[in-house]
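# Survey of secondary and tertiary structure
Read off the chains here:
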Amino acid sequence: MFLYLTELLIEDFVIQYEVYKEGKRLFFKPLKTIDSIDVPIFWVEKTGDAWNPMNIGDERFIKHVREDISKHEVKQIE
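The structure contained in this document is the topic of the report that follows. (Residues numbered from 1 in each chain as written. Predicted model: local features only at pLDDT ≥ 70, side-chain atom pairs only at ≥ 80, totals over all residues. Heavy atoms only, no water.)

### Examining the overall build of the protein
Looking only at helices and strands, the protein features 1 helix and 5 strands. Of the regular secondary structure in the protein, the N- to C-terminal order runs β-β-β-β-β-α. Counting only C-alpha atoms, the protein reaches 35 × 25 × 20 Å along its principal axes. Relative to all contacts within the protein whose residues are 6 or more apart in sequence, the contacts with residues 24 or more apart total 32%. As displayed, the protein offers around 5300 Å² of accessible surface, 48% of which is attributable to carbon and sulfur atoms. In the protein, 11 positive and 15 negative side-chain charges are present, and the distance between their average locations comes to 5 Å. (Helix = DSSP H or I, 4+ residues; strand = E, 2+ residues; numbered from the N terminus. Contact = heavy atoms within 4.5 Å. Areas by Shrake-Rupley, 256 points an atom, 1.4 Å probe, with all protein chains shown as cover. Lys, Arg positive; Asp, Glu negative; His and termini not counted. Charge placed at Lys NZ, Arg CZ, Asp CG, Glu CD.)

Next comes the structure, spelled out in structure tokens:
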């Protein structure tokens, strides 16, 4: 189920993402790719009180994703 459209900053590029609910996770799908950078497709799962992007290790990007989810008031996925 589609939830919202958002923008994330990746290597100084603003990338638009569609965010979907898939079970108890959020799925972030980029609307376009840029040849010179790796634009990730990723899932986010809530563990405890924090949303955690799966297979993403960049702490700055993780913080950005968490702030984006909070801004869009995604509370809990049932």
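### Points about the packing of aromatic side chains
Taken as a whole, this structure holds 7 aromatic pairs when the rule is applied. Judged by centre distance (6.1 Å) and plane angle (65 degrees), the ring pair of Tyr17 and Phe28 falls under edge-to-face. One end of the pair, Tyr17, is in strand β2 (residues 13–22); the other, Phe28, is in strand β3 (residues 25–30), with 11 residues separating them in the sequence. Of the two residues, Tyr17 and Phe28, both sit in the buried class. (Phe/Tyr/Trp six-rings, centres within 6.5 Å; stacked < 30°, edge-to-face > 60°. Buried < 20%, exposed > 50% of the residue type's maximum accessible area, 1.4 Å probe, protein only.)

### Some thoughts on unusual backbone geometry
For Glu11, which is not a glycine, the phi torsion comes out positive at approximately 50 degrees. Within the secondary structure, Glu11 sits in the loop between β1 (2–10) and β2. Phi at Asp12 takes a positive value of approximately 70 degrees, unusual for a residue other than glycine. Mapped onto the elements, Asp12 comes out in the loop between β1 and β2.

### Observations concerning the sheet that holds strand β4 (residues 42–47)
The strand order β1-β2-β3-β4-β5 describes an open sheet built from 5 strands, whose pairing is antiparallel. Every other strand in the sheet has two partners, leaving β1 and β5 (50–53) as the edge strands with one partner each. Neighbour-to-neighbour, the strand axes of the sheet open up by a mean angle of 30 degrees, direction not taken into account. The sheet contact formed by β3 and β4 spans 4 bridges and is antiparallel. Within β4, the residue paired with Phe27 across the bridge is Trp43. Helix α1 (residues 59–71) rests against β1, β3, β4 and β5 of the sheet, and its axis sits at about 145 degrees to β1. (Pairing = 2+ DSSP bridges. Axes fitted to C-alpha atoms, helices over the stretch in contact; angles between N-to-C directions.)

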